[in-house]
Amino acid sequence: MKQYTNDELKEIYRARRNRLAAYLHDTDTGACIFIDSEEHRDPAVPYYTNHPSDAVLIIFSDGYSVLIPWDENLAKQQAYFDKMVPYTRYKNKDIDAVKAMLNVCYTHGENSKVELPPYLTYPDYLKFIDALSNYDCRCKEDGAHKFVMDCRMQKDEYEIECTREAARVGDLIIDEIEKQINKGKIKTETDVALLIERMLRENGCQRTGFDTLAAGPSRSFAIHAFPGYTAAEWPAQGLSILDFGVVYNGYTSDTTVTVAKGPLTEAQEKQLELVQKAYEEALKLYKPGKPILDAAKKCDSVFAAAKRKMPHGLGHAIGLEIHEPPRVNMTQDPKMLFKPGMILTCEPGLYDVEIGGTRLENDVLITEDGNEVITHSRIIRI
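Notes on the structure follow. (Residues numbered from 1 in each chain as written. Predicted model: local features only at pLDDT ≥ 70, side-chain atom pairs only at ≥ 80, totals over all residues. Heavy atoms only, no water.)

### Focus on the sheet that holds strand β11 (residues 251–252)
Right, so step 1: A sheet is described by the order of its strands in space; here three strands give the open sequence β7-β10-β11, paired in antiparallel fashion. Two strands bound the open sheet, and with one partner strand each, they are β7 (207–208) and β11.
Right, so step 2: The pairing of strand β10 (residues 246–248) with β11 spans two bridges and is antiparallel. Bridge pairing in β11 places valine 247 opposite threonine 252.
Right, so step 3: Against the sheet, helix α7 (residues 157–182) touches β10 and β11, its axis set at about 140 degrees to β10. (Pairing = 2+ DSSP bridges. Helix = DSSP H or I, 4+ residues; strand = E, 2+ residues; numbered from the N terminus. Contact = heavy atoms within 4.5 Å. Axes fitted to C-alpha atoms, helices over the stretch in contact; angles between N-to-C directions.)

And the structure:
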């Protein structure tokens, strides 16, 4: 991965904040509030500052940013901001922190209109209204927070590089898993899950993108097996599934491997062929300017022709969260198009209690003239 200097990263985060500031100016809004806490994680905080979690962020209409982190030392080391005030100064109370910083930094906002996050509970919203009686507080579904989500759909150069690195490490892990399967070193679901945990950290990643799902043939009929992995044999004869992601600098990959261990039944072979065909046909439609809905329709048509039905959507975007919009499914707005910079999964799957489960999932970067599959998951036959 390209090595970015501190100054380059500082400008990347500032450019993101300035884009939001321009929106605030255009919508006659003085400031926007983001709150990342155990009650509700808001990826906008790391998106605009690189601070990983637990903080209040205020961005004003002139682009000025105030970060109020729980961990002051961590923020000083890796976050980007214009002003930082420790959350502990306000006894870890978000309302008190927001009120104080709005009063101190009010000159950075063009007016007293403040947009609060739409994920506030109604009682908390009323508390903010009472505390900020000198401000014109708004809380809208289709406001600045929606604008932030729309921005995050199309990744910038740095986000793409981070996701590529997560994908690269994920590919190394898949290759190692296949080697160890062939050597007989992986015997259980737990074995493969712990291998992923160890290797991702050895290769500079932070964590898994979600709880790893490793399911042998007796459990692979579940879309997301519960529990995620057990001491059961993996891979055993039949169809086994492994769904995992790794996180690099906050950005996650998301891949699913199916391991087919023979001898297989005719029904299992047919299911493998169907999933592979659906994947290849749908992937052709992951192109800029194409309706996202068309890819979902193509996948479902492949399965319908064989009188099978997929019980989940074809894919979703990834980034700072494992599931981000837009979704690639049959309920998607026909006007929603694939756009350059989007990174989405393509993950057709079929599941049956007798046959077992099959899913093939890779991460796809939409480019200016097509797509690039940045992970290399596959159906592994042994």
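### Things to note about the packing of α7 against helix α8 (residues 189–202)
Right, so step 1: Between α7 and α8, the least distance of the axes is 10 Å, while the angle of their chain directions is 140 degrees. Here α7 lies oblique to α8, going by the angle between them. Here the hand of the crossing between α7 and α8 comes out right-handed. Two secondary-structure elements touch here, α7 through Val169, Leu172, Ile173, Glu176, Ile177 and Gln180 and α8 through Val192, Leu195, Ile196, Met199 and Leu200.
Right, so step 2: Considering only residue class, the contact of α7 with α8 consists of nine nonpolar, one polar and one charged. (Parallel < 35°, antiparallel > 145°, perpendicular 65-115°, else oblique. Left-handed = near helix turned anticlockwise from the far one by under 90°. Nonpolar A, V, L, I, M, F, W, Y, C, P; charged D, E, K, R; others polar.)

### Thoughts on the nonpolar core
Right, so step 1: Core analysis: the largest hydrophobic core is formed by 51 residues, its most contacted members being Leu20, Phe34, Tyr48, Ile173 and Ile177.
Right, so step 2: Leu274, Ala282, Ala295 and Phe338 belong to the second-largest nonpolar core, a separate cluster that totals 27 residues. (Core = buried A, V, L, I, M, F, W, Y, C linked by side-chain atoms within 4.5 Å. Buried < 20%, exposed > 50% of the residue type's maximum accessible area, 1.4 Å probe, protein only.)

### Remarks on the sheet that holds strand β20 (residues 379–381)
Right, so step 1: In space, the four strands of this open sheet follow the order β8-β9-β12-β20, with mixed pairing throughout. Since the sheet does not close on itself, it has two edges, and those belong to β8 (213–215) and β20, each with one partner. Across the sheet, the axes of successive neighbouring strands diverge by a mean angle of 15 degrees, strand direction being ignored.
Right, so step 2: When strand β12 (residues 255–261) meets β20, the two strands line up parallel, connected through three bridges. Across the sheet, the residue bridging to threonine 258 is isoleucine 379, located in β20.
Right, so step 3: Sitting on the sheet, α7 is in contact with β9 (238–244), β12 and β20, with an inclination near 150 degrees to β9.

### Observations regarding unusual backbone geometry
Right, so step 1: Between phenylalanine 226 and the following residue, proline 227, the backbone shows a cis peptide bond with an omega angle of -5 degrees.
Right, so step 2: In this fold, proline 227 is placed in the loop between β8 and β9.
Right, so step 3: Going from glycine 262 to proline 263, the amide bond is cis rather than trans, its omega being 0 degrees.
Right, so step 4: A positive phi is found at aspartate 54, a non-glycine position, where the angle reads about 60 degrees.
Right, so step 5: By the element assignment, aspartate 54 lies in the loop between α2 (44–49) and β2 (55–60).

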